[in-house]
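As a plain string of letters, each chain reads:
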Amino acid sequence: MRAWKIHTPGPVHSRPLQLVEVPTPQPGPEEIRIAVSTCGVCRTDLHITEGDLPVHQPHVTPGHEVVGRVDARGKNAERFAIDERVGVPWLRYTCGTCRYCSRGDENLCPSARFTGWDADGGYADYTIAHEQYVYSIPDTFNDEDAAVLLCAGIIGYRALMRTNLPAGGRLGLYGFGGSAHLAAQVAIHQGATVHVMTRQPHARGLALSLGAASAQEVDAPPPEPLDAAIIFAPIGSIIPTALEALDAGGTLVLSGIHMTATPPLDYQHHLFNEKNIRSVTANTRADGEAFLRLAAEIPLQVTTSARRFEDALQALDDLKHGRFDGAAVLHLE
Ligand SMILES: [Zn+2]
Ligand SMILES: [Zn+2]
């Protein structure tokens, strides 16, 4: 089968990914093999490819927003039928017994493994997943849109939950790509007023068309104080800007897996008056199930940029430079 593999992490323009021919993998006990139809291109793929995140498995195949059909089942894998449509997400495995798993915080499990980082992901014709970490995909969504829900959607949802936004609250979103454009729709559906701050003029247009109350430059203050804000952009220098935009008692959520350096914070100016900062680390399976139900119920409008499988490197480069709205999705068929 064909698979993209990272030979040496580095800037996308140095072509750190290579398209190679490898043996088709076989599912082990409780695992399924998925014939990949689409795979979303997430910013985390860019961080892994460029070496912002440490290497977990040398020559890994990236991709953790995988939609396809079950093509083979390992021993005792009975949850999904052959040909059933499923989605493979970022969270790949947890121990189930540590203090975090035991209290329902499996996203914090020290033994957690992640698709496309600890094991090969979906930039390939086939991929393997443990059946208990795979989702059914609601019929509402085609393969292209469903891919984006699996990480961008679920993580954006968890970030939104962690804002503890009051009913009818004022929410600021910093950065407006794959994750933010879905979180915005969930927040608006729940009655929030959403203000978007992004460098990309075309993303400001998308934000307004999806129902945002305002859209402006990243460093421009929103038109009213915020009860909560989420930073989706991997840029630490936005943290003080977003804290200044919060009302007293407000919460800032950082949704990225990687961020550039954070400037010093001034206690009186940025933190006093009970302002909160919270990060987001992956998600639980319960988050994923809840989000996919809600996504179908709303239903979310997913903005995508369809790409050929062969153009994965170009898609990563375009993501790095903000050249498209929403999320890029590779098509394998
Ligand atoms: Zn655990
Ligand atoms: Zn992701």
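Every value quoted in this text rests on a predicted model; they were computed, and no experiment measured them. (Residues numbered from 1 in each chain as written. Chains lettered and ligands numbered in written order. Predicted model: local features only at pLDDT ≥ 70, side-chain atom pairs only at ≥ 80, totals over all residues. Heavy atoms only, no water.)

### Remarks on the pattern of salt bridges
The cut-off we apply is this: The term salt bridge refers to a side-chain nitrogen of Lys or Arg lying within 4 Å of a carboxyl oxygen of Asp or Glu. Put simply, DSSP H or I for four residues or longer makes a helix, DSSP E for two residues or longer makes a strand, and each gets a number counted from the N terminus. For each residue, the accessible area found with a 1.4 Å probe, counting protein chains only, is set against the maximum for its type, and the residue is called buried under 20%, exposed over 50%, and partly exposed in between.
Scanning the model with the defined rule gives 17 salt bridges in all. Note that lysine 5 and aspartate 120 form a salt bridge whose closest N and O atoms lie 3.3 Å from each other. Here lysine 5, found in strand β1 (residues 2-6), pairs with aspartate 120, found in the loop between β7 (113-114) and β8 (126-130); they are 115 residues apart in sequence, far enough to count as distant. For lysine 5, a relative accessible area of 17% gives the class buried. A salt bridge links aspartate 105 to arginine 103; the shortest N-O distance between them is 2.5 Å. On the basis of relative accessibility, which here comes to 22%, the residue aspartate 105 falls in the partly exposed class. Looking at arginine 103, the relative accessible area reads 51%, which means it is exposed.

### Quick word on the packing of helix α1 (residues 43-50) against helix α9 (residues 312-320)
Heads up, the rule is: Axis geometry follows a simple rule: fit a line to the C-alpha atoms, using only the stretch in contact for helices, then measure angles between N-to-C directions, giving values from 0 to 180 degrees. Throughout, the term roughly parallel applies to angles under 35 degrees, roughly antiparallel to angles over 145, roughly perpendicular to angles from 65 to 115, and oblique to all others. Two residues qualify as a contact provided that any one of their heavy atoms is within 4.5 Å of a heavy atom in the partner residue.
In contact at an axis separation of 10 Å, α1 and α9 are set at 105° when each is read in the N-to-C sense. Between α1 and α9, the angle is such that the two are roughly perpendicular. On α9, the residues that touch Arg43, Asp45, Leu46, Thr49 and Glu50 of α1 are Leu316, Leu319 and Lys320.

### A short note on the coordination of the zinc ion (ligand 2)
Let me state the cut-off plainly: Note that water is not among the atoms used; donors are N, O and S atoms within 2.8 Å of the metal (3.2 Å for Na, K and Ca), so sites may look incomplete.
Donor atoms from the polypeptide that bind the zinc ion (ligand 2) are Cys42 (SG), His64 (NE2) and Cys151 (SG), placed at 2.0 to 2.2 Å. Here the donor residues for the zinc ion (ligand 2) map to a single chain with the spacing C-x21-H-x86-C. Of this pair, cysteine 42 sits in the loop between β3 (31-41) and α1 while histidine 64 sits in the loop between α1 and β4 (66-73); the two residues are 22 residues apart in sequence, bridging distant segments of the chain. Assessed through its relative accessible area of 1%, histidine 64 is described here as buried.

### Some remarks on the sheet that holds strand β11 (residues 193-197)
Strand pairs in the sheet, formed through backbone hydrogen bonds, run parallel or antiparallel to each other. Defined as follows: A pair of strands is labelled paired if DSSP reports no fewer than 2 bridges between them.
With parallel pairing, 6 strands are arranged side by side in an open sheet as β12-β11-β10-β13-β14-β15. The strands lining the two open edges of the sheet, one partner per strand, are β12 (214-216) and β15 (276-279). Going from strand to strand, the sheet's axes swing by 20° on average, the running direction of each strand aside. Across 3 bridges, the pairing between β11 and β12 is parallel. Its bridge partner lying in β12, valine 196 is registered against alanine 215. Contacts from helix α5 (residues 201-209) reach β11 and β12, with the element oriented near 175° to β12. Strand contacts of helix α6 (residues 238-245): β10 (170-174), β13 (226-231), β14 (246-254) and β15, with the helix running at about 145° to β14, the strand carrying the most contacts.

### Some details on the coordination of the zinc ion (ligand 1)
As a reminder, the rule being used: Sites are called tetrahedral only when four donors show all angles between 85 and 135 degrees, square planar or octahedral only when four or six donors show opposite pairs over 155 degrees and all other angles between 65 and 115, and irregular in any remaining case.
Listed as protein donors to the zinc ion (ligand 1) are Cys95 (SG), Cys98 (SG), Cys101 (SG) and Cys109 (SG); their distances from the metal cover 2.3 to 2.4 Å. Here the zinc ion (ligand 1) is ringed by 4 donor atoms whose angles at the metal span 106 to 117°, and the overall shape comes out tetrahedral. In primary-sequence terms, the residues that donate to the zinc ion (ligand 1) follow C-x2-C-x2-C-x7-C. For cysteine 98, a relative accessible area of 16% puts it in the buried group.

### Observations regarding the packing of helix α3 (residues 143-162) against helix α4 (residues 178-189)
The description of two packed helices rests on the angle between their axes and on the distance between the axes. Condition: For a crossing to be left-handed, the near helix must be turned anticlockwise from the far one by less than a right angle; the clockwise case is right-handed. All residues other than Ala, Val, Leu, Ile, Met, Phe, Trp, Tyr, Cys, Pro, Asp, Glu, Lys and Arg, Gly among them, are scored as polar; the first ten of these are nonpolar and the last four charged.
Interhelical geometry of α3 versus α4 gives an angle of 55° and a closest axis separation of 8 Å. Between α3 and α4, the angle is such that the two are oblique. Handedness of the crossing formed by α3 with α4: right-handed. Between α3, through Val148, Leu149, Ala152, Gly153, Ile155, Gly156, Tyr157 and Leu160, and α4, the contact on the second element is made entirely by Gly178, Ser179, Leu182, Ala183, Val186 and Ala187. Grouping the constituent residues of the contact of α3 with α4 by class yields 10 nonpolar, 4 polar and no charged.

### Topic: the nonpolar core
Heads up, the condition is: The nonpolar core is taken to be a set of buried Ala, Val, Leu, Ile, Met, Phe, Trp, Tyr and Cys residues, with the residues joined through side-chain atoms within 4.5 Å. Each domain span listed reflects an automatic or database assignment of domains.
With 47 residues, the main nonpolar core has Leu149, Leu171, Leu173, Phe176, Val194, Ile230 and Phe291 as its most contacted residues. Where this core is concerned, the elements lending two or more residues are α3, β10, α4, β11, α5, β13, α8 (285-297) and β17 (327-331). When residues are assigned to domains, this core turns out to be shared by domain 1 (2-151 + 283-331) and domain 2 (154-279), each giving three or more. Once residues within four sequence positions are removed from consideration, leucine 171 is found in contact with Leu160, Thr163, Leu165, Ala187, Thr193, Val194, His195, Leu226, Ala228, Ala229 and Ile230. Listed in part, the 42 residues of the second largest apolar core include Leu53, Phe80, Trp90 and Cys109.

### A few points about the domain arrangement of the chain
Our working definition: By convention, the term buried area covers the 1.4 Å-probe accessible surface removed from two parts as they join, with the contributions of both added. We call two N or O atoms a polar contact when they sit within 3.5 Å, provided that within protein one can donate a hydrogen and the other can accept it, with sequence-adjacent residues counted only if both atoms are side-chain atoms.
Split into domains, the chain comes out as domain 1 (2-151 + 283-331) and domain 2 (154-279). Distance from the C-alpha centre of domain 1 to the C-alpha centre of domain 2: 26 Å. Counting from both sides, the interface comprises 32 residues of domain 1 and, opposite them, 21 residues of domain 2. Across the domain 1/domain 2 interface, buried area totals approximately 2,300 Å², and carbon plus sulfur atoms make up 65% of it. Where domain 1 meets domain 2, there are 1 salt bridge. Between aspartate 287 and arginine 158 there is a salt bridge, with the nearest N and O atoms lying 2.7 Å from each other. Linking domain 1 with domain 2 are 9 residue pairs in polar contact (both at pLDDT 80 or more). Of all the secondary structure elements, the ones that give two or more residues to the side of domain 1 that touches domain 2 are α1, α3 and α8.

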